[in-house]
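Descriptive structure summary
Single-letter residue listing:
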Amino acid sequence: MTVEAAPRPAPAASRSGTVVRVGPVSGVVRWRQLVVPLAAFVVLVLLSAVSLGRGDFPIGVPDVLRTLVGLGEGAQDFIILELRAPRIVVGLLVGLALGVAGALFQTFARNPLASPDTLGITMGASVGAVAAIVLSSGGAVAGLGIPFAALLGALLVGVLLFVLTWRAGIDGYRLVLVGIALWSICTALVDWLLTNAEIYDAASAYVWITGSLNARTWDNAVPLAVALAVLLPLALAASRSLAVLQFGDDTARGLGVRLQTAQAAVVLVAIGCVAFAVSAAGPITFVALVVPQIAVRLTGGSRPPLLASGLLGAALVVGADLVTRTVLPEALPVGILTAVLGAPYLLWLLVRGRRQFT
Amino acid sequence: MTQTLKPETAAPGGRVRLAAEQVTLAYDDHVVVRDLDLQLVEGSFTAIVGPNGCGKSTLLRALGRLMRPTGGQVLLDGQAIARTPTREVAKVLGLLPQSPIAPDGLSVADLVARGRHPHQSWLRQWSRDDEAVVAEALTWTDMAELADRPVDELSGGQRQRAWISMALAQGTDLLLLDEPTTYLDLSHQIDVLELVGRLHAERGRTVVVVLHDLNLAARYAQRLVAMKDGVLVSSGRPEEVLTEQLLADVFDLEARVLPDPVSGTPMVVPVRRLR
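What counts, and where the lines are drawn
Residues numbered from 1 in each chain as written. Chains lettered and ligands numbered in written order. Predicted model: local features only at pLDDT ≥ 70, side-chain atom pairs only at ≥ 80, totals over all residues. Helix = DSSP H or I, 4+ residues; strand = E, 2+ residues; numbered from the N terminus. Contact = placed C-beta atoms within 7 Å. Buried ≥ 20, exposed ≤ 12 C-beta atoms within 10 Å, placed from the backbone. Pairing = 2+ DSSP bridges. Axes fitted to C-alpha atoms, helices over the stretch in contact; angles between N-to-C directions. Parallel < 35°, antiparallel > 145°, perpendicular 65-115°, else oblique. Left-handed = near helix turned anticlockwise from the far one by under 90°. pLDDT = per-residue confidence, 0-100. Expected span 1.5 Å × (residues − 1). Bend = angle between axes of the 7 residues up to and from the residue.

**Remarks on the environment of V241(B)**
Residue and element names in this part refer to chain B.
- Structurally, the position occupied by V241 is in helix α8 (residues 238–241).
- Sequence separation of V241 and R87 is 154 residues, and the distance between their C-alpha atoms is 36 Å.
- Every residue in contact with V241, bar those within four places of it in the chain, is listed here: L224, A226, S234, S235, G236 and L246.

So, in structure tokens, the structure goes:
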């Protein structure tokens, strides 16, 4: 389009960042939004390499890397690729999924409290998994397997959340309120199942509820990887309308966003990410809540960045898992550590920072 | 697309850009606007006035396709707006809601840049056009100095300027504003209306604005539309619409109408509330 008056030279600081234009492709690259995901990625790779080497049979980082590129030897190959890698990969993918889902929910609802933990979706997974564990003598639920039961529970609550919130569109506040109601119903169900459970079942159910990467296999990693291969591109595709959805429904529509489609896409993709993540490793809490908040404070800008949130989430889960397996005297479920590591860091950023929310 | 500059105001009887045809608007069962007809011609500056709850903001929402009529239809350039892709509408018609929300930490430059959304795609996120138009919008609205400031740190008047700057960057021929002067002190109200007036006069925008202040509406708009109880009561030049009889009928107000000593437009001096 042409502009009426000849445009004066752009004010020097009109858009902080470097403009990139290659053919029909154009965009603004802001170094902080590039450096943070890159740094998170490097940290993630290092943590994963260290983590792959740690265990009853320690392997140095160079040997780990050699194995990963296919130059390893028999015993190391087996230990790394069959015993340890599934655990790390599940942790990585779970962190990625939860980070992205948290960023989607928080941006959409304009509310940092909108996380799959508070919205009841992870609790729905817990209902499914605990039912599968506790009712295993009953047979019907147990036949499904715990991950599948958890996936079912999470998706069921997710769909309920969506249906109950939808009123020709989704309002962020309504989403949070409906989510909290669903969360309390699911909590009551889990408590009821646990009080009626055999003590041994109750103990293993409890470990599952905390979120654990123990004894993960490729069977846990593959469904999650496939789901993310579909969901992450959708999330990135939705990020452009997300930037405008933040302005509220009227402005977003005024700017040409197909409101209902965009809202449904964002919420359903987020629900999908959470459901598959939680079914693979249990409700590793706090990642989806805290990581997007950390990411937005590191990158600056007005909303949690999707990519940085995902990578930081992955780094947090893999790092927390490494700590539980090495530093601590006994292997705790990773979910305890993500909260213990993430929460103080967020508090520090909050105390230091000026901004109040999101 | 090309924007045409229309410094002179379009003669009455110019091309109709936006029209409401027998529009009925309702929230659930509660009818707010009934069988309303309104035509907005190219290059006009229209202010919709009326008492609280008369349906003027609702009408504006329907004109901006934020609300679907339960009866009748809204036409944009002769096409039913409800059946036009929202993105295509967004290239022609911009709107500024009553209390727009800017997320924390968003800079003025980023806010104004979002006005380019309908012209962008996933790959084409910041073309030379986008950059030029946004820079120009910032300069034109005197916001270039504040471009890097977060919107949430601005004063009310500055914030409204930033939003108008965004609407300008959107590059639409038509602009709908819902009470853009709410919560502003008098001098900032004037400031905002001067800016909107310049958008109309210098940039040829067709402007529809919902306003509470009758004197300001009469001063800045070429045409007033008075509503009461969801019905269009009177429409025309300010001196035709703002009569003592109309103020009694529509606003239940006994008032004198004098010529504004500054602009010569009608000026309402209230006496007392009737009934």
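Having seen the model, we can carry on.
**What about the pairing of strand β3 (residues 45–49) of chain B?**
All names here are of chain B.
- Among the 5 residues in β3, 5 count as buried, and that is most of the element.
- A two-sided burial pattern is seen for β3, the buried positions comprising F45, A47 and V49 on one face and T46 and I48 on the other.
- Across 4 bridges, β3 lies against strand β8 (residues 206–210) in parallel orientation. By the bridge assignment for β8, I48 is matched with V210.
- Relative to strand β9 (residues 223–228), β3 runs parallel, the two being bridged by 4 bridges. Looking across to β9, one finds that I48 is bridged to V225.

**Some details on the sheet that holds strand β6 (residues 93–96) of chain B**
Residues and elements named next belong to chain B.
- Taken in spatial order, the 6 strands make up an open sheet running β6-β7-β8-β3-β9-β10, and their pairing is mixed. The outermost strands of the open sheet, each flanked by one partner alone, are β6 and β10 (231–236). Across the sheet, the axes of successive neighbouring strands diverge by a mean angle of 15 degrees, strand direction being ignored.
- Along the sheet, helix α1 (residues 56–63) contacts β3, β7 (174–178), β8 and β9; its crossing angle with β8, the most-contacted strand, is approximately 145 degrees.
- On top of the sheet, helix α5 (residues 156–170) reaches β6 and β7; it is set at about 170 degrees to β6, its chief contact.

**Considerations on the packing of helix α12 (residues 306–326) of chain A against helix α13 (residues 334–352) of chain A**
Residues and elements named next belong to chain A.
- Two numbers describe how α12 lies on α13: the axes approach to 8 Å, and their chain directions differ by 115 degrees. Of the possible angle classes, the one that applies to α12 and α13 is roughly perpendicular. Between α12 and α13 the crossing geometry is right-handed. Along its contact with α12, which presents L316, V317, A320, D321, V323 and T324, the element α13 presents V334, L337, T338, L341 and G342.

**A few points about the confidence of the model for chain B**
Residue and element names in this part refer to chain B.
- Mean pLDDT over chain B works out to 92, with 95% of the residues at or above the 70 mark.
- Per-residue pLDDT stays below 50 along residues 1–11; that stretch engages in 23 contacts with residues further than four places along the chain or on separate chains.
- Interface confidence for the predicted complex, given as ipTM, is 0.89, next to a pTM of 0.87.

**So, the sheet that holds strand β5 (residues 79–80) of chain B**
Residue and element names in this part refer to chain B.
- In spatial order, the strands read β2-β1-β4-β5; together these 4 strands make up an open sheet with antiparallel pairing. Both outer strands of the open sheet, β2 (30–41) and β5, are each paired with one neighbouring strand and no more.
- For strand β1 (residues 16–27) and strand β4 (residues 71–76), the ladder comprises 5 bridges, and the chain directions are antiparallel. Note that in β4 the partner of E21 across the bridge is Q73.
- Packing of α1 onto the sheet brings it into contact with β1, β2 and β4, and relative to β1 it is tilted by some 125 degrees.

**Looking at helix α8 (residues 218–245) of chain A**
- Given a rise of 1.5 Å per residue, 28 residues ought to cover 40 Å, and the 38 Å separating the end C-alpha atoms of α8(A) matches this to within 8%.
- The sharpest bend along α8(A) measures roughly 45 degrees and falls at S239(A).

**Quick notes on unusual backbone geometry**
- The phi angle at A215(A) is positive, at roughly 55 degrees, despite the residue not being glycine.
- Assignment of secondary structure puts A215(A) in the loop between α7 (199–210) and α8.
- In this structure, Y183(B) is a non-glycine residue whose phi angle is positive, near 70 degrees.
- Relative to the helices and strands, Y183(B) resides in the loop between β7 and α6 (186–203).
- Y183(B) sits in the partly exposed class, given 13 other C-beta atoms within 10 Å.

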